[in-house]
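Architecture at a glance
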Amino acid sequence: MYISDLKHFLDERGAIGPVKGPALAMAQFQADVVAHASHITGQAPAAPTCFKCKKDTVAANLARDEAIVWSCPSCSAEGRISNWQGSLWDLRTRPDRR
Ligand SMILES: [Zn+2]
């Protein structure tokens, strides 16, 4: 189980912090999971491909405590993401245009 805090992957402006390598891939994956799971109206962004096996898209849902829980049907990787609220990928209340 991968337990993560989205803020740990972001820089002080709220953008993805790591610029290359596995850290960037992990950060991008987490951000995509958050966007997919937090989008509640209209067309949700596509679920991201599992960062581990890269074979399947993960399933992601909001847990009761508002963490985002994701799991991969192919390799059984799973994780929990906290502290995603208010990030650039929090799509719960975002209007279509500002
Ligand atoms: Zn997988």
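An account of the accompanying structure is given in this report. In this convention, every chain numbers its residues from 1, walking through the sequence in written order. A pLDDT threshold of at least 70 governs which residues receive local features in this predicted model, and a stricter bar of 80 or more applies before side-chain atom pairs are shown or counted, although totals over entire chains, interfaces and linings include all residues. Neither water nor hydrogens contribute to the side-chain values; these are computed over all heavy atoms in the structure.

**Re the sheet that holds strand 4 (residues 78–82)**
Two strands are said to pair when DSSP picks up at least two bridges between them. Numbering of helices and strands starts at the N terminus; helices are DSSP runs of H or I of at least 4 residues and strands are runs of E of at least 2. The strand order across the open sheet built from 4 strands is 1-4-3-2, with neighbouring strands paired in mixed fashion. The open sheet has two edge strands, strand 1 (2–5) and strand 2 (59–62), and neither has a second partner. Between one strand and the next, the sheet's axes are offset by a mean angle of 20°, whatever the strand orientation. Under this scheme, a helix contributes an axis fitted over its contacting stretch, all axes are lines through C-alpha atoms, and angles between N-to-C directions fall in the 0 to 180 degree range.

**Let's talk about the coordination of the zinc ion**
Sodium, potassium and calcium take a 3.2 Å donor cutoff, other metals 2.8 Å, and in both cases only N, O and S atoms count; water is not among them, so sites may look incomplete. Surrounding the zinc ion are the protein donor atoms Cys-50 (SG), Cys-53 (SG), Cys-72 (SG) and Cys-75 (SG), at 2.3 Å. Any site counts as irregular unless it has four donors with all angles between 85 and 135 degrees, making it tetrahedral, or four or six donors with opposite ones more than 155 degrees apart and the rest between 65 and 115, making it square planar or octahedral. Around the zinc ion sit 4 donor atoms, and with donor-metal-donor angles ranging over 107 to 113° the site reads as tetrahedral. Here the donor residues for the zinc ion map to a single chain with the spacing C-x2-C-x18-C-x2-C. Separated by 25 residues along the polypeptide, Cys-50 in the loop between helix 1 (21–38) and strand 2 and Cys-75 in the loop between strand 3 (68–71) and strand 4 bring together distant segments of the chain. Burial classification: accessible surface area is computed with a 1.4 Å probe over protein chains only, and a residue below 20% of its type maximum counts as buried, one above 50% as exposed, and the rest as partly exposed. Residue class for Cys-50 comes out buried when judged on its relative accessible area of 1%.

**Thoughts on the environment of Gly-79**
Summarising the element assignment, Gly-79 is placed in strand 4. Distance in space between the C-alpha atoms of Gly-79 and Val-69 is 5.7 Å, their sequence separation being 10 residues.

**As for the pattern of salt bridges**
Put simply, a salt bridge is a Lys or Arg side-chain nitrogen that is within 4 Å of an Asp or Glu carboxyl oxygen. As enumerated under the stated definition, the model contains 4 salt bridges in all. The closest approach of N and O atoms between Asp-11 and Arg-13, which form a salt bridge, is 3.1 Å. Between Arg-92 and Glu-66 there is a salt bridge; the shortest N-O distance is 3.9 Å. Of the two residues, Arg-92 is situated in the segment after strand 4 and Glu-66 in the loop between strand 2 and strand 3; the sequence distance between them amounts to 26 residues.

**Some words on the side chain of Gln-30**
Here Gln-30 lies in helix 1. Reaching out from Gln-30, the side chain makes a polar contact with the side chain of Ser-4 at a distance of 2.7 Å. For this analysis, a polar contact is any N or O atom pair within 3.5 Å, provided that within protein one partner can donate a hydrogen and the other can accept it, and provided that sequence-adjacent residues contribute only side-chain to side-chain pairs.

**Description of the nonpolar core**
Here, the term nonpolar core denotes a set of buried Ala, Val, Leu, Ile, Met, Phe, Trp, Tyr and Cys residues that are joined through side-chain atoms within 4.5 Å. Counting residues in hydrophobic clusters, the biggest one holds 23 residues, and the most contacted among them are Val-33, Ile-68, Trp-70 and Trp-89. Listed by contribution, the elements that provide at least two residues to this core are helix 1 and strand 3. In terms of residue count, the dominant contributor to this core is helix 1 (8 residues).

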